[in-house]
There are 2 protein chains.
Amino acid sequence: MHEHLIIIGGVAAGTKAASKARRQNPELKITLYTAEKYISYSACGTPYYISGVIKDKNRLQVRTPEAFKEKENIDIKIEHNVTKIIPETNKVIVQNLQTQEEFEDEYTRLLIATGSHSFIPPIEGTGLNNVFKLKDIEDSMKIKQVTGSAKKAVIIGAGYIGLELAEALCENQIRTTIIEKEGQILKTIDPDLANQIKTYMEEEKGVKIILEDSVTSLKGDENGNLTHVLTQNGQSIEADFAVICIGVKPNIDLARDAGVLTGETGAIKVNKRMQTNLPNVYAAGDCAESVNRITGRPVWVPLGSTANKQGRVAAINITGGYAEFNGVLGSAVTKIFEYTASTSGINEKTAKEEDIDYELAIVSHKDKSGYMPDAREITIKLLAEKETGKLIGVQAVGKGDADKRVNVVATAITAGMTVSEFSQTDLTYAPPYSSAIDPLLIAAQILEKKLGDGISSISPQDLQKYLEEKKACCAVIDIRSPEEYKKWHLKYAQNVAPEELEKKVAENKPENLLICCDEGMTGYIASLKLKEKGCKNVTFIDGGINYLKNTPEFNKK
Amino acid sequence: MHEHLIIIGGVAAGTKAASKARRQNPELKITLYTAEKYISYSACGTPYYISGVIKDKNRLQVRTPEAFKEKENIDIKIEHNVTKIIPETNKVIVQNLQTQEEFEDEYTRLLIATGSHSFIPPIEGTGLNNVFKLKDIEDSMKIKQVTGSAKKAVIIGAGYIGLELAEALCENQIRTTIIEKEGQILKTIDPDLANQIKTYMEEEKGVKIILEDSVTSLKGDENGNLTHVLTQNGQSIEADFAVICIGVKPNIDLARDAGVLTGETGAIKVNKRMQTNLPNVYAAGDCAESVNRITGRPVWVPLGSTANKQGRVAAINITGGYAEFNGVLGSAVTKIFEYTASTSGINEKTAKEEDIDYELAIVSHKDKSGYMPDAREITIKLLAEKETGKLIGVQAVGKGDADKRVNVVATAITAGMTVSEFSQTDLTYAPPYSSAIDPLLIAAQILEKKLGDGISSISPQDLQKYLEEKKACCAVIDIRSPEEYKKWHLKYAQNVAPEELEKKVAENKPENLLICCDEGMTGYIASLKLKEKGCKNVTFIDGGINYLKNTPEFNKK
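Residues numbered from 1 in each chain as written. Chains lettered and ligands numbered in written order. Predicted model: local features only at pLDDT ≥ 70, side-chain atom pairs only at ≥ 80, totals over all residues.

(A) Layout of the overall build of chain A. From N to C terminus, chain A includes 17 helices and 30 strands. Here the C-alpha atoms of chain A give a radius of gyration of 27 Å, agreeing with the 24 Å that 2.2 N^0.38 yields for 557 residues. For chain A, the C-alpha atoms occupy an extent of roughly 90 × 60 × 45 Å along the three principal directions. Out of the 557 residues belonging to chain A, those deemed buried represent 52%. Contacts in chain A between residues at least 24 apart in sequence constitute 65% of all its contacts with a sequence separation of at least 6. (Helix = DSSP H or I, 4+ residues; strand = E, 2+ residues; numbered from the N terminus. Rg over C-alpha atoms; globule rule 2.2 N^0.38 Å. Buried ≥ 20, exposed ≤ 12 C-beta atoms within 10 Å, placed from the backbone. Contact = placed C-beta atoms within 7 Å.)

What follows is the structure, given as structure tokens:
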């Protein structure tokens, strides 16, 4: 028989693979089945349709089935559900959802690109009117429709989509409450940084965020319309509608029923060429696993960027070429009002879980030259492995240009650069784009020094524990101005002028010394001086008091 | 005597070195002499003071002499001109420009950070009133003063400062003409990209740009005020003022008179530790050379970002530490109205001059997801060395986010990444920041294909032409089994077993080598092996003989 590639799924990986396979092999027969009405759409763009930034929902669909047929001779069958894969005979059973008609089709190569679905928790009331999820274009149309008249909404889950949706709803003048089970929003970011964003959303944007509480049921009126969201901690929140954004799960049932193996993450296990355990059967996109490039361990990071790359690699291999997908760094970015939150590689939380001995630097700095009126603050957190000095992770949040800076470090991590190598990178400079030494390089220089000279510092999230352990034998010294000190300081902290510090320490000889400064840099310099004078056990606070004030552990004190 | 660091020059490198030296050594005596009135200022920021973006010129001065004294115990002597260095006795002769008094001072270490000066061409009229340069704060104050009443201006020179100044003048409603001797603006960018910017400035911003013409004289009225700018090609342009932005030259006279050697670029020759040929004498910033990290050759790239880094490295070495400055990539960015022009590494022009065998990809793409209303076009040009596949250069221009993307590639170049390695980098994605596959990666994927791992292949449709061209000097080698060979082979093809291939090639050293295999893959692998052994001009047939036999051109043979 002739070569026939069948693709199941028509969003990112599926359509990407179809096009790439066509370019690789002009003769190949390609058929793509999807149960959905829309193909090749940007799920990531749906919040911007709801907010009104994108006026026409059709803009979210990159290409139509007609365009695929006409321009690339690819047959796309929408509203066609593949109900079974029979690997023994290389066949799939397909149901036309419009006519209910069932038929068989035969492949020489099969690509499973079935994507993922929103997880709906097993609680009462998820079937009420005005309870939505946000995964595809149709979901966004439903939400868009209610935003016209609704005044109050609840978003369940504070991940990327939940937060982006909160912005979209606020743009529609809807009072929005977010309920999150965990102790922080945005769990791919460390809590200290995530909390900056939470404070910003609450104080500047009026979004109400409830942490460490979970929804127990959704209550409706006699017409089946949602009225209240009830939580574990006894809250009852009035709402005209609710959107469940708890997360997604891979669509693997079809594959598993056919004998395709899944991995420890629950998604389909593939090798670097995107091959499953079955001959001639490939998988790509949200339904498939990846490998973390740093730990080498399987991970499941369902993102459009990864889906596109995996689809491309699968297509090259399917058409007889050779390509490998080398894994992910978990690079991700989200825009939350004026804020950007961006990450790549390992964060502190993961480093601890994975038992990686790391060092870090935190820098809060303007994204442009400080004298440019549109310069905005960003906070960069840079992690390196202690033993090798290699960069392993970066996070950047703030109102300034944080996203592309994370990509600079993602590249350095991919290349296996050490902090010292990276700190010598010749980055561009002009006042509208950065400071003369880019904040990234300032962070790298601090990290390099910390790795090299044994100056120890403590990150805000570990400070509580440090203070408890050292309580009896630790001097806490705040070297900021008396005015700043009066506004807010750590319990037990004494205010000492930097120029008095050495004398003070020489007099008291504390066993442990914790130095508090404004942004981290002066504390680091003071530590360095004291260390050169022979003081031991000097520690400064990463990011300083300006940063500490905003962390969950300290901002209420 | 006590350790005494004397620094000559108080802008970027000088003040950076002073602060860094202080942090490294709290006891060191540090004196900085500068003939200028202002220190620690951002020359790069002056166009934004002229445009009005920065309201207060004092914002351009990062720190004052008083702050240096108070906070860091550094003595800064402004309006003090060092007139002579006497290395034999470790002394400098200094003239106080306010009192004219001369005195000697003795150093244990000397840092020359004398910077650069604007080049003023030897033409008539440069001394007229209303003829300016733009190098420091005082220049910008003079220009700012005339912008209130002036209506027409001429800028001589279309480099970074000239173009940034053009924007500033347009913001002041001044009709601006730029005259440039070369055939393009912005000579660090390739002409094809630079021409995009020229068209934009002329058509959208009304700036008049004259290329390939040079100013022969400046004419004034009886009061010595400029009235006309005359050019080689006979133009006479009316102007209320003119600014000479032809370029800068390093300030080396003082150093050279003391026996400090300059390099082939004309700037002070230094090693990686920023040491000159004289003991205890260092140089950093615009007066010193760098090394191009790609070519390994001395270059002179006077930029604030480089000056800061060199100053830091010098200070570490001066205070007994060890640091190296590993050179530059010529990374630079400029904002021209809404346009960004950014570059790092080698451009096409330089690659040709340096005889580097390169491959390139050019991609024009939206900087964000295409459906976002604020998505803007950027054009990326990516260069790699053919032989190694290593990235060697990037340029990005456009109204979109071009700057930080260049920094991503600058990092990849610094790390020595190949295009294939880079194309697998996990960059962040969300619709407000990029397309699902970032334009950078699209460019890398195209370049990767073009490089084909440095292996060239030929498609059956081009093979006939190839064979005709290379006929006399091409070995055609068929590495299939003798049976397959007997059934069908290309005219002139010899049958060689794959394991004999290397030996055969070593014996015959063909000028061009065409490899025929069954399906393409073994030919690819064989080519790869031969290439690794140093063979050049190896080509295999895409799809192999099995595919070739069936093509219209060959199936009748």
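Anyway, onward from the coordinates.
(B) Representation of helix H10 (residues 403–414) of chain B within the structure. All names here are of chain B. With 12 residues, H10 extends 17 Å between its outermost C-alpha atoms, agreeing within 8% with the 16 Å of an ideal straight helix rising 1.5 Å per residue. The element H10 is largely enclosed, with a buried count of 12 among its 12 residues. Among all positions of H10, only Asp403, Lys404, Arg405, Val406, Asn407, Val408, Val409, Ala410, Thr411, Ala412, Ile413 and Thr414 are buried. Two residues or fewer past H10, glycine 416 is found with a positive phi of approximately 70°. (Expected span 1.5 Å × (residues − 1).)

(C) Quick look at the sheet that holds strand E29 (residues 512–516) of chain A. Residue and element names in this part refer to chain A. The parallel open sheet is built from 5 strands, whose spatial order is E26-E30-E29-E27-E28. This sheet does not close on itself; its edge strands, each paired only once, are strand E26 (456–458) and strand E28 (494–495). Looking at chain direction, strand E27 (residues 474–478) and E28 are connected through 2 bridges and run parallel. Residue pairing across strands places aspartate 478 opposite asparagine 495, the latter belonging to E28. In the packing of helix H13 (residues 460–470) onto the sheet, contacts are made with E26, E27, E29 and strand E30 (538–541), and the angle to E26 comes to roughly 105°. (Pairing = 2+ DSSP bridges. Axes fitted to C-alpha atoms, helices over the stretch in contact; angles between N-to-C directions.)

(D) Summary view of the nonpolar core. In terms of nonpolar packing, the biggest core is built from 318 residues, with Ile112(A), Ala242(A), Ile112(B) and Ala242(B) touching the most fellow members. Here Ala242(A) is in contact with Val131(A), Ala153(A), Val154(A), Ile156(A), Leu218(A), Leu226(A) and Val229(A), once residues within four sequence places are set aside. Core analysis: the next-biggest nonpolar cluster, separate from the first, contains 19 residues, Ile515(B), Leu530(B), Val538(B) and Ile545(B) among them. (Core = buried A, V, L, I, M, F, W, Y, C linked by C-beta atoms within 7 Å.)

(E) Region of the structure containing the sheet that holds strand E10 (residues 152–156) of chain A. Residue and element names in this part refer to chain A. What the 5 strands build is an open sheet, ordered E9-E16-E10-E11-E12; its pairing is parallel. Either end of the sheet is taken by a strand with one partner, and the two such strands are strand E9 (131–133) and strand E12 (208–210). For this sheet the average axis-to-axis angle between neighbouring strands, irrespective of direction, equals 20°. The pairing of E10 with strand E11 (residues 175–179) spans 5 bridges and is classified as parallel.

(F) Examining the interface of chain A and chain B more closely. At the junction of the two partners, chain A supplies 56 residues and chain B supplies 55 residues. Listed by contribution, the elements that provide at least two residues to the side of chain A that touches chain B are helix H8 (304–318), strand E21 (332–336), strand E22 (339–345), helix H10 (403–414) and helix H16 (521–532) of chain A. No other element matches the 10 residues that H10(A) contributes to the side of chain A that touches chain B. Residue composition of the side of chain A that touches chain B, grouped by class: 30 nonpolar, 17 polar and 9 charged. (Nonpolar A, V, L, I, M, F, W, Y, C, P; charged D, E, K, R; others polar.)

(G) Summary view of the domain arrangement of chain A. Residue and element names in this part refer to chain A. In terms of domain boundaries, chain A breaks down into domain 1 (4–41 + 50–115 + 250–318), domain 2 (131–246), domain 3 (338–453) and domain 4 (456–548). Placing the centre of domain 3 and that of domain 4 at their C-alpha centroids yields a distance of 24 Å. Taken together, the contact between domain 3 and domain 4 spans 10 residues of the former and 11 residues of the latter. Contributing elements (two or more residues each) for the side of domain 3 that touches domain 4: strand E23 (358–366) and helix H12 (439–453). (Domains from an automatic or database assignment.)

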